[in-house]
Amino acid sequence: MKRLLVLLMVCLLCVQGFTQSTRKIRELEKQHAELQKQISASETLLQSTKKDVKSQLDNLALLSGQINERKKYIETIEQDVKIIQTEVSRLQVELKALQRELADKKKKYEQSVKYMYQNKSIQEKLMFIFSADNLSQMYRRLRYVREYADYQRLQGLQVERKQKQVSEKQQTLLASRKAKEEMLKQGEAERLKLEEQEKERKTLLTSLQKKQRSIQSEISKKRRSADRLNAQIDRLIEIEIENARKRAEEEEARRKAEKKAGTVKEKAVATGESKEGAKSKTTPSKMGEYKVDSEDRRLSGVFTQNKGRLPIPITGPYVIVGHFGQYQVKGLRNVRLDNKGIDIKGKDGAQARAIFDGEVSAVFQYNGLSNVLVRHGSYISVYCNLSSVLVKKGSVLKARDIIGQVNTDKDGNTVLHFQLRKETEKLNPELWLHH
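Residues numbered from 1 in each chain as written. Predicted model: local features only at pLDDT ≥ 70, side-chain atom pairs only at ≥ 80, totals over all residues. Heavy atoms only, no water.

**Observations concerning the confidence of the model for the protein chain**
The line we're drawing: Each residue gets a pLDDT score, which is the predictor's confidence in that residue and runs from 0 to 100. The contact definition used throughout considers only heavy atoms, calling two residues in contact when any of these lie within 4.5 Å.
Mean pLDDT over the protein chain stands at 80; residues scoring 70 or higher make up 78%. In this model residues 274–290 is a low-confidence stretch, pLDDT under 50, and it forms 17 contacts with partners more than four residues away in sequence or in other chains.

This is how it looks when you write it as C-alpha cells:
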C-alpha cells in the first residue's frame, strides 16, 4: 500500500511539472502576442510627408518611439528564449532520469516475470507452501506468494506509468523546443524590421542636420509654450494642495470636537490641544506641505501599490514620442529637450482616459485646448492637449473612464501630453504605466 501511495505521488509531481512547463510556454506566447499586437498597431500611426522642420521633428520622434518599442520587444524575446532554453535543459535532465528509471523498472519486471514463469504452476506453489516445517512457516510462505504476486502486478503498473511519464516529458520537450524556434524566428524578423527603421531614421537625421538653425528655433518655440503650460499646472496644483490642507484641518477639527464630547478628563486634554491648534492656525502652513485627510491617505496607498500597472492614458494604438526629463536627441547636435511628463502619440480619434480612480480637481484652457487635472489622494495626473472634455471639476472617475478627445493638429498628429505628480514632485510616468 505504501509503495502504491509513493508511486501515485511521483506520478502527480510529474504531471504537475508537465502542466507548469506547458502553462509557462502559453503565458510567454500570450505576452508575445500582446506585444506584437501593440507594435503592429503602432506601425499604423502615419508619418507626415511634409519636409518642414516641425513635421520632420515629429516624424523623428515617432520613428524613435517605434524603434524603442521594437528594441524592447527584441529584448523580451531574447530573455524568453533564455527562459525556454533553461526549461529545455531541465526537461532533458528529467527525461534522462525518467528513462533510467524506466529501464531499471523494466529489468526488475522482466526478472519477476521470469521467476513467475519458472514457478508458474499451482502445484509448485502449493508444494512450496505445504512443504513448510510448521504452520508458522506455512503462513509466511503463503503471505510471500501473495505479496510477490502483488509486487509483480505493481511492477507492471509502474512500468506502464513510467512509460507514460517518459512520453509526456518528450512531448513537453518537443513543444518547448518548437516554442524556442518560433521565438528565434520572431526575433530575427523583428531585427530585420529594426534595421529598416534605423536606416529610415538615419536618412531623416541627415536631412535635419542641414537645418540646425530652424531646429533650434522650433525647439525654443515648443519650450516657451511648455513653460507657460507648466506654470498654469503648477499654480493649479498649489491651489489643490491648499484645498487638501484645509480638508485635513477640517477633519482634524471634527476629530477633536468628537473627542471633546467624551469624559471630563478628555475635555481638558482636548481644550489644551484646541489652544495649541489655534496657535498653529495663526501660523500659515508652508505651500507645498501636502496635508491629506484619511480618504486621501487611503487612495494614495492604493495608487502607490499599482506602480507599473496603471493603464496607458490614451485609447487605441500608441507610441511614446516624448520621454520624461532632460535628454539629448540622439543624432542631433545641441538639441536638448526638457519634458515634465511624456508625450503619447495615438490615432486620430483617440481619447484620454483616467489612469486610476480619482476626482477632477481642475479643467482649464490653454492655446484653445482643454487640460484636466485628476486627484488620486496625494497624486495628481494631468491630461493635456484635449480638443473636448467629458468631465468637469468635481467629477468622480474610475480607472479607464474617458476624460475627453485628444486633439489632432493640422499635420495629423494626435498627441496627448501626460504628467504625473506626487504633491509638488514631478514623477516619471513611464515607471508607473503598464506598457
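**Looking at unusual backbone geometry**
Our working definition: Secondary structure elements follow DSSP: runs of H or I of four or more residues count as helices, runs of E of two or more count as strands, with numbering from the N terminus. Burial classes: relative accessible area under 20% of the type maximum marks a residue as buried, over 50% as exposed, and values in between as partly exposed (1.4 Å probe, protein chains only).
Phi is positive for Asn385, which is not a glycine, with a value near 75°. If you trace the backbone, Asn385 turns up in strand 8 (residues 379–389). Judged by its relative accessible area of 21%, Asn385 falls in the partly exposed class. A positive phi angle, close to 60°, is found at Glu423, a residue other than glycine. You can see Glu423 is positioned in the loop between strand 11 (414–422) and strand 12 (425–427). Residue Glu423 is classed as partly exposed on the basis of its relative accessible area of 26%.

**Some thoughts on the nonpolar core**
One recurring pattern in soluble globular proteins is that nonpolar side chains are buried together. Quick note on the threshold: Definition of nonpolar core: a set of buried residues of the types Ala, Val, Leu, Ile, Met, Phe, Trp, Tyr and Cys, connected through side-chain atoms within 4.5 Å.
Core analysis: the biggest nonpolar cluster contains 30 residues, and Phe303, Ile314, Ile355, Tyr383, Leu386, Ile403 and Leu416 have the highest contact counts within it. Contributions of two or more residues to this core are made by helix 7 (294–305), strand 1 (318–322), strand 4 (342–346), strand 7 (369–376), strand 8, strand 10 (402–406) and strand 11. The contact partners of Leu386, leaving out residues within four places of it in the chain, are Ala352, Leu369, Ser370, Val372, Ile403, Gln405, Val406, Asn407 and Leu416. In terms of nonpolar packing, the next biggest core, distinct from the first, is built from 17 residues, Ile25, Ile39, Val159 and Leu173 among them.

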